[in-house]
Amino acid sequence: MALPIEDYALIGDRGTAALVGKDGSIDWLCLPRFDSPACFAALLGTEDNGRWLLAPADEVESTNRRYVDGTALLETTFTTAGGEVVLLDLMPTGDGRADVVRRLTCMRGTVRIRHDWVVRTDYGRIRPWVTREHAHGNDLIVAVAGPDKLILRGPRLPRAVGGHHTDEFEMSEGDEVTFSTTWVRSWRDIPEPLGFDERIAATIDAQREWSAQSPDDVPHADMVRRSLLTLLLMTHEETGGIVAAPTTSLPEDFGGERNWDYRFCWLRDAALTLESLLSAGYEDEAFHWRQWLLRAVAGDPADLQIMYTVDGGRQLPELVVEHLPGYADSRPVRIGNGAVSQRQNDVLGEVMIALELARQAGLDETRNSWSLQRALVEELADHWDEPDNGLWEIRGPQRHFTHSRVMVWVAFDRAVKAVEDHGLEGPVDRWRELRDRVREEVLDKGFDSERSTFTQHYDTREVDASLLTISLVGFLPGDDPRVLGTIDAITGDLMSDGLLLRYRTETGVDGLAGDEHPFLACSFWLVSALAAAGRRDEAAELMDRLCGLANDVGLLSEEYDPAHGRMVGNFPQAFSHLTLVQAALALR
Ligand SMILES: OC[C@H]1O[C@H](O[C@H]2O[C@H](CO)[C@@H](O)[C@H](O)[C@H]2O)[C@H](O)[C@@H](O)[C@@H]1O
C-alpha cells in the first residue's frame with residue numbers, strides 16, 4: 001500500500017519526475033515524459049503495479065531525509081540497529097537522457113539491503129519481457145514491452161522471483177553501490193552507461209547555480225527556494241511546457257471521486273508559475289514559456305484551449321484506468337482531463353499578466369508574439385459576456401463567476417497597458433470601453449452590498465476564495481472597503497481549522513459528489529490579500545502556519561486535511577508552491 005502523500009519526495013530531470021517514498025521505494029514514474037504512461041504505479045495500486053525499492057531489509061529505527069543544498073537530489077538516511085546507510089536519489093539533467101540514479105553508501109556498521117525492481121508498463125498493467133544481457137562490458141537487466149525498454153544497471157543485479165527482480169546484500173562501513181534505471185524506446189540499442197560521478201556533479205552544479213538566484217530577503221527564504229526548484233522540476237526543459245503537478249488522481253477526498261490528472265499544461269497554472277518566477281527574478285524561463293505558448297495556441301484564436309499536453313498537443317481525453325484501485329481506494333483513477341473542453345474566461349487574464357510582467361522585465365515582443373495576444377484579446381472581446389466553468393473547473397452548470405469576470409477586466413486592462421505603456425498597436429478604444437463596462441458590471445452584479453462582499457457568481461450570496469485575488473490583480477486597492485469586506489466574508493464562511501476552502505461544496509455548485517479539504521493556494525492568497533490590506537501581522541502569522549504544513553523536504557500538495565494533519569490531492573502541486581512564492585514576496 002502507498003505511503004501517506006507527505007512521505008514522498010520529488011526527483012526529476014525536467015522531462016519527467018518520480019516520487020520517492022520515505023521507505024526507499026520509487027512508487028510513481030512516467031517515462032519519458034510527465035504525461036507518459038507510468039511504469040512504476042504502486043502509488044495508485046500495489047507493489048505489483050510497479051516500483052523500485054532500495055532500503056534496509058532489517059527494521060529501520062529512524063529515517064531522515066533532505067535535499068542536497070540548493071538542489072533536487074534527495075538524500076535519505078536510514079538507521080538500523082546494525083548501522084547507517086544513505087540513499088542518494090536523482091535524475092540527472094541536461095543530457096537529454098532518461099535515467100534514475102540511486103547510490104547507497106554505508107556510513108556506519110553493517111546494513112542488510114533489500115532490492116526490489118518491479119517494472120509494469122502502461123500504468124502498472126503490463127508485465128514486460130525481462131532478460132539478463134551483456135552490453136558495453138557489463139551485465140544488465142532489460143525489460144521490454146511495446147514502445148518501452150528499461151535497463152537496470154548496477155554492481156549486483158537482482159534475480160527474478162515471482163514477477164519481481166529481488167535481491168538482498170550486506171553493506172559495511174565505507175561501501176558504496178550505484179544502480180541506475182534507463183529508459184529508451186524499445187527499438188533503440190542499449191545506451192552507454194552513465195559516468196555516475198560526472199553526472200551527479202553536473203546536476204548539482206546546474207541546480208545550485210539556478211537556485212542561487214532565489215531571493216534571500218523574503219520570509220521563509222528556504223521554502224521559497226524549494227518552491228522555485230520544484231516549479232523548475234515541473235517545467236519541461238525541451239518544450240518549455242509547465243505541468244500543474246507530476247501526478248494523477250491523488251484524491252481531493254480520500255475514497256471519493258474527486259481524482260484528476262494534473263500532468264498537463266494549464267494556461268492558468270503555467271502563467272501563474274511564470275508570474276512567480278518572474279517576480280522572483282527568473283527571466284529566462286519567460287522567453288521559453290512564451291515560445292511554448294505561441295506554438296500551443298497557434299491557429300484560430302476561437303480554438304484556444306485552457307490546457308494542452310506538454311508539447312502543446314490538444315488531445316487529452318479523460319479516461320478511467322480500470323485496473324488501478326486508486327490511492328487509498330479512491331476511484332476512479334483518471335488519465336487525461338475533461339476540463340480541457342471547458343470555457344474558463346479567467347485564463348486570458350492570467351496569461352496577459354504574465355506577458356505584461358515579461359515585457360516589464362525587458363522581454364521584447366516579436367511581431368508574432370504581440371499579434372497573437374492581440375488576436376486572443378479580440379476573440380475575448382467578441383465573447384466576453386458568456387458564462388463559464390470558472391477557475392475551479394466546476395462540472396455543474398456554467399455561471400457568471402465573479403472571479404472570471406474580474407479576469408476578463410484584467411485581460412482588457414493589460415491589453416490597454418500594452419498599447420499605452422509599451423507602444424504596441426491595437427484597437428485600444430474598444431478595449432478601454434470593454435474594460436470599463438465589465439468593471440461596472442462586476443461592481444454592480446458581483447457585489448453584495450448588504451454583506452459588503454463580492455460573491456462567487458452573479459446569482460448567489462455565496463463567497464469564493466478566488467475573490468481574494470481582486471486586489472492582487474489591481475482591480476481594486478488592497479484596503480478598499482469592498483476588498484476588506486470580502487476578506488472578512490471569506491474568512492467567516494470558508495475557514496476550516498484556520499485554512500481556507502475554495503468554496504462551500506454543499507451548494508452543489510461544482511456538480512460533484514463528496515467534499516474536499518482546504519485548498520492551500522487559497523490560504524496563500526489570503527496571506528497576500530492581508531498584506532495588501534496592510535494587515536501584515538495576520539499575514540505573517542498565517543504564512544508561518546502554512547509553511548509549517550510542508551513535509552520534511554519542503555513540499556506541498558494541493559489540499560491539506562487539518563483534522564488529520566494529512567496532505568491531500570496531487571503532489572507536489574505548482575499552484576501551492578507558486579502562491580507560496582507570491583505570498584513571501586508580498587511580505588518582503
Ligand atoms: O475541482 C474540480 C477540478 O479539479 C481540477 O482542477 C483544479 O486543478 C487545476 C490544475 O491545478 C487548476 O487549474 C484548477 O483551478 C483546479 O480547480 C481538475 O483539473 C478538474 O478537471 C476538476 O474539474
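Residues numbered from 1 in each chain as written. Predicted model: local features only at pLDDT ≥ 70, side-chain atom pairs only at ≥ 80, totals over all residues.

**Quick notes on the overall build of the protein chain**
To be explicit about the condition: Here a strand is any run of E in DSSP of at least two residues, a helix any run of H or I of at least four, and the numbering for each starts at the N terminus. The exposure label follows from counting other C-beta atoms within 10 Å of a residue's C-beta, where the C-beta atoms are placed from the backbone and the thresholds are 20 or more for buried and 12 or fewer for exposed, leaving partly exposed in between. Placing a C-beta atom from the backbone of each residue, one calls two residues in contact when those atoms lie within 7 Å.
When you go through the protein chain residue by residue, the secondary structure sums to 14 helices and 25 strands. If one aligns the C-alpha atoms of the protein chain with their principal axes, the spans along those axes are about 70 × 50 × 45 Å. Relative to its full complement of 588 residues, the protein chain shows a buried share of 52%. The contacts of the protein chain with a sequence gap of at least 6 include a subset with a gap of at least 24, amounting to 66%.

**Examining helix α12 (residues 520–532)**
Heads up, the condition is: Here the expected length of a helix is defined as 1.5 Å per residue gap, with one fewer gap than residues.
With 13 residues, α12 ought to run about 18 Å at 1.5 Å a step, and its terminal C-alpha atoms sit 19 Å apart, in line with that. The element α12 is extensively covered by neighbouring structure, given that 13 of its 13 residues are classed as buried. Phi turns positive, to about 85 degrees, at Gly-534, one or two residues after α12.

**A look at the site of the ligand**
Counted only if it meets this: For each residue, a C-beta atom is placed from the backbone, and the residue is labelled near a molecule or strand when this atom is within 6 Å of it. For this scheme, ten residues count as nonpolar: Ala, Val, Leu, Ile, Met, Phe, Trp, Tyr, Cys and Pro. Four count as charged, namely Asp, Glu, Lys and Arg, and the remainder, Gly too, count as polar.
The environment of the ligand is formed by 13 residues, the closest being Ala-244, Trp-260, Ala-339, Trp-392 and Glu-393. Per-class residue counts for the shell around the ligand are eight nonpolar, one polar and four charged.

**As for the packing of helix α4 (residues 267–279) against helix α5 (residues 284–297)**
Our working rule: In this analysis, axes come from line fits to C-alpha atoms, helices being fitted only over the stretch in contact, and the angle between any two N-to-C directions falls in the range 0 to 180 degrees. Angles are sorted into four bins: roughly parallel if under 35 degrees, roughly antiparallel if over 145, roughly perpendicular if 65 to 115, and oblique for all others. Should the near helix be turned anticlockwise from the far one by less than a right angle, the crossing is left-handed, and should it be turned clockwise, the crossing is right-handed.
Running from amino to carboxyl end, α4 crosses α5 at an angle of 160 degrees, the nearest separation of the two axes being 9 Å. Compared by their axis directions, α4 and α5 come out roughly antiparallel. As for the relative orientation of α4 and α5, their crossing is left-handed in sense. Residues Ala-270, Leu-274, Leu-277 and Leu-278 of α4 form the contact with α5, whose own contacting residues are Glu-285, Ala-286 and Trp-289.

**Digging into the domain arrangement of the protein chain**
Cut-off, in case you're wondering: Domain limits in this description derive from either an automatic procedure or a database domain assignment.
Segmentation of the protein chain into domains returns domain 1 (5–205) and domain 2 (213–586). Each of domain 1 and domain 2 has a C-alpha centre, and these two points are 34 Å apart. Residue-level contacts link 26 residues of domain 1 with 31 residues of domain 2. When contributions to the side of domain 1 that touches domain 2 are tallied by element, the ones reaching two or more residues are β1 (8–12), β3 (25–30), β6 (60–67) and α1 (121–124). If you tally residues by element for the side of domain 1 that touches domain 2, the top one is β1, at four residues. Residue composition of the side of domain 1 that touches domain 2, grouped by class: 14 nonpolar, five polar and seven charged.

**Concerning the nonpolar core**
We count it as follows: Each nonpolar core reported here comprises buried Ala, Val, Leu, Ile, Met, Phe, Trp, Tyr and Cys residues connected via C-beta atoms within 7 Å.
Core analysis: the biggest nonpolar cluster contains 178 residues, and Ala-18, Val-243, Ala-411, Phe-412, Ala-465 and Val-527 have the highest contact counts within it. Looking at this core, the element that brings in the most residues is α12, giving eleven residues. A domain-level breakdown of this core finds at least three residues from each of domain 1 (5–205) and domain 2 (213–586). Sequence-distant contacts of Ala-411, that is, excluding residues within four places in its chain, are made with Leu-348, Gly-349, Met-352, Val-377 and Leu-380.

**Considerations on the UniProt feature "domain: Trehalase-like N-terminal" (unreviewed entry) in the protein chain**
Just so we agree on the cut-off: UniProt positions are given in the numbering used here, feature names are shortened, and annotations may be inferred rather than shown by experiment.
The sites that carry the UniProt feature "domain: Trehalase-like N-terminal" (unreviewed entry) are, in the present numbering, residues 2–133. The annotated region residues 2–133 carries 3% helix and 55% strand content, and the separation between its end C-alpha atoms amounts to 32 Å.

**Remarks on the pairing of β1**
Here is the key point about a regular strand: its side chains alternate between the two faces of the sheet. Applied cut-off: Here, a strand pair is defined by DSSP locating no fewer than two bridges between the strands.
Along β1, five of the five residues are buried, which leaves the element largely enclosed by surrounding structure. Of the two faces of β1, both are covered, the one formed by Tyr-8, Leu-10 and Gly-12 as well as the one formed by Ala-9 and Ile-11. Between β1 and strand β2 (residues 17–21), which pair antiparallel one after the other, the connecting turn spans four residues, and Arg-14 there sits at a positive phi close to 70 degrees.

**Some points on the UniProt feature "domain: GH15-like" (unreviewed entry) in the protein chain**
With numbering aligned to this structure, UniProt lists the feature "domain: GH15-like" (unreviewed entry) at residues 220–584. Along residues 220–584, the helical share is 45% and the strand share 6%, with 7 Å between the first and last C-alpha atoms.

**As for the environment of Tyr-67**
Checked against the element boundaries, Tyr-67 lands in strand β6. On a C-alpha basis, the gap between Tyr-67 and Leu-88 in space is 9.3 Å, while along the polypeptide they are 21 residues apart.

**Section: the confidence of the model for the protein chain**
So the rule is basically this: How sure the predictor is of each residue is captured by pLDDT, a score from 0 to 100.
Of all residues in the protein chain, 100% attain a pLDDT of 70 or more, and the chain-wide mean is 97. Here the predicted complex carries an ipTM of 0.94, next to a pTM of 0.97.

**Remarks on unusual backbone geometry**
Leu-31 connects to Pro-32 through a cis peptide bond whose omega is 5 degrees. Relative to the assigned elements, Pro-32 resides in the loop between β3 and β4 (38–40). That bond from Arg-331 to Pro-332 is cis: its omega, 0 degrees, falls within 30 degrees of zero. Phi at His-220 is positive, roughly 55 degrees, even though this residue is not glycine. Assignment of secondary structure puts His-220 in the loop between α2 (196–211) and α3 (221–233). Backbone geometry places Asp-329, a non-glycine residue, at a positive phi of 60 degrees. One can find Asp-329 in the loop between β18 (319–320) and β19 (334–335).

**Focus on α2**
The criterion, for reference: Directions pointing from the helix axis toward each C-beta atom define the arc.
Compared with the 22 Å implied by 1.5 Å per residue over 16 residues, the 22 Å span of α2 between its first and last C-alpha is a close match. Inspection of α2 places Arg-199, Ile-200, Thr-203 and Gln-207 among the buried residues, and these make up the whole buried set. Each buried residue of α2 lies within a common arc of 100 degrees when the element is viewed along its axis, so the set occupies one face. Residues of α2 that are exposed and angled more than 90 degrees away from the buried face: Asp-197, Glu-198, Ala-201 and Glu-209. Looking at the buried side of α2, the elements it contacts are β8 (83–90), β9 (99–118) and α3.

**Focus: the pairing of strand β15 (residues 176–185)**
In this structure, β9 lies alongside β15, joined through seven bridges in antiparallel fashion. Bridge assignment links Val-101 to a residue of β15, and that residue is Ser-180. Inspection of the sheet shows strand β12 (residues 148–153) paired to β15 by six bridges, in the antiparallel sense. Bridge pairing in β15 places Ile-151 opposite Thr-182.

**Notes on the packing of α12 against helix α14 (residues 574–586)**
At their nearest, the axes of α12 and α14 sit 8 Å apart, and the two run at 15 degrees to each other. When the axis of α12 is compared with that of α14, the two are roughly parallel. The crossing of α12 and α14 is left-handed. Within the contact between the two elements, α12 uses Leu-520, Ala-521, Phe-524, Trp-525, Val-527, Ser-528, Ala-531 and Ala-532 and α14 uses Phe-575, Ser-576, Thr-579, Leu-580, Gln-582, Ala-583 and Ala-586. Partitioning the contact of α12 with α14 into residue classes produces eleven nonpolar, four polar and no charged.

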